[in-house]
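Listed here are the chains, written in short residue letters.
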Amino acid sequence: QVGFRLDYVKADGELANYTPDFMVRTSGGEVCIVETKGREEIDLPQKMARLRQWCADATEASAATGGPRYSFAYVDQASFEQHKPTSFAGLAAVFREYQAPTQEQPKQGK
C-alpha cells in the first residue's frame, strides 16, 4: 500500500510497471523487497534484474546519509514448501535466486 513500483523492459521489449509483493524493514534497519510467485512467468528475469539494480542504486544513494541497505528476495512456492523458513532472516538467507548479475540462475535447492 506504499505505492512503490518500478518500470522495467519486458521480455518482448515493451515498457511495463512492476509492483513488488512485500517490503520488509528488518530490526537492523535493512529494507528487503520480497517477490512471491506460485509459478514463474516469462518476464520474471527482467523484473528481478531491474529490482536488483534498483536495490544497488538505492543502497548507494542512501549510504551517503546513513540510510538503509536495500535487498530483495524471490520466493517461489515450490522452494518455500521445501525449505519452510521459520524466520524472515532464514527466508532471506535461503531465497537468493536472481541475486547474481547473470540471468541464468539455478533453481532453489538444486
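Residues numbered from 1 in each chain as written. Predicted model: local features only at pLDDT ≥ 70, side-chain atom pairs only at ≥ 80, totals over all residues. Heavy atoms only, no water.

### So, the packing of aromatic side chains
Here is step 1: Evaluation of the coordinates by the stated rule reveals three aromatic pairs.
Here is step 2: Ring geometry for Phe 4 versus Trp 54: centroids 4.8 Å apart, planes at 70 degrees, classification edge-to-face. One end of the pair, Phe 4, is in the segment before β1 (6-9); the other, Trp 54, is in helix α1 (residues 44-63), with 50 residues separating them in the sequence.
Here is step 3: Look at Phe 4 and you get buried, because its relative accessible area is 18%. (Phe/Tyr/Trp six-rings, centres within 6.5 Å; stacked < 30°, edge-to-face > 60°. Helix = DSSP H or I, 4+ residues; strand = E, 2+ residues; numbered from the N terminus. Buried < 20%, exposed > 50% of the residue type's maximum accessible area, 1.4 Å probe, protein only.)

### Considering the nonpolar core
Here is step 1: Counting 15 residues, the largest nonpolar core has Tyr 18, Ile 33, Met 48, Leu 51, Cys 55 and Phe 72 as its most contacted members.
Here is step 2: Looking at this core, the elements with two or more residues in it are β1, β2 (15-18), β4 (31-37), α1 and β5 (70-76).
Here is step 3: The element contributing the most residues to this core is α1, with five residues.
Here is step 4: Setting aside residues no more than four positions away along its own chain, Ile 33 makes contact with Phe 4, Pro 20, Phe 22, Met 23, Leu 51, Trp 54, Cys 55, Ser 71, Phe 72 and Ala 73. (Core = buried A, V, L, I, M, F, W, Y, C linked by side-chain atoms within 4.5 Å. Contact = heavy atoms within 4.5 Å.)

### Some thoughts on the pairing of β2
Here is step 1: Only one face of β2 is covered, namely the face carrying Ala 16 and Tyr 18; the face carrying Leu 15 and Asn 17 is uncovered.
Here is step 2: Alignment of β1 against β2, held across four bridges, turns out to be antiparallel. Looking at β2, one finds that Tyr 8 is bridged to Ala 16.
Here is step 3: Between the end of β1 and the start of β2, which pair antiparallel, lie five residues, with Gly 13 showing a positive phi angle near 95 degrees. (Pairing = 2+ DSSP bridges.)

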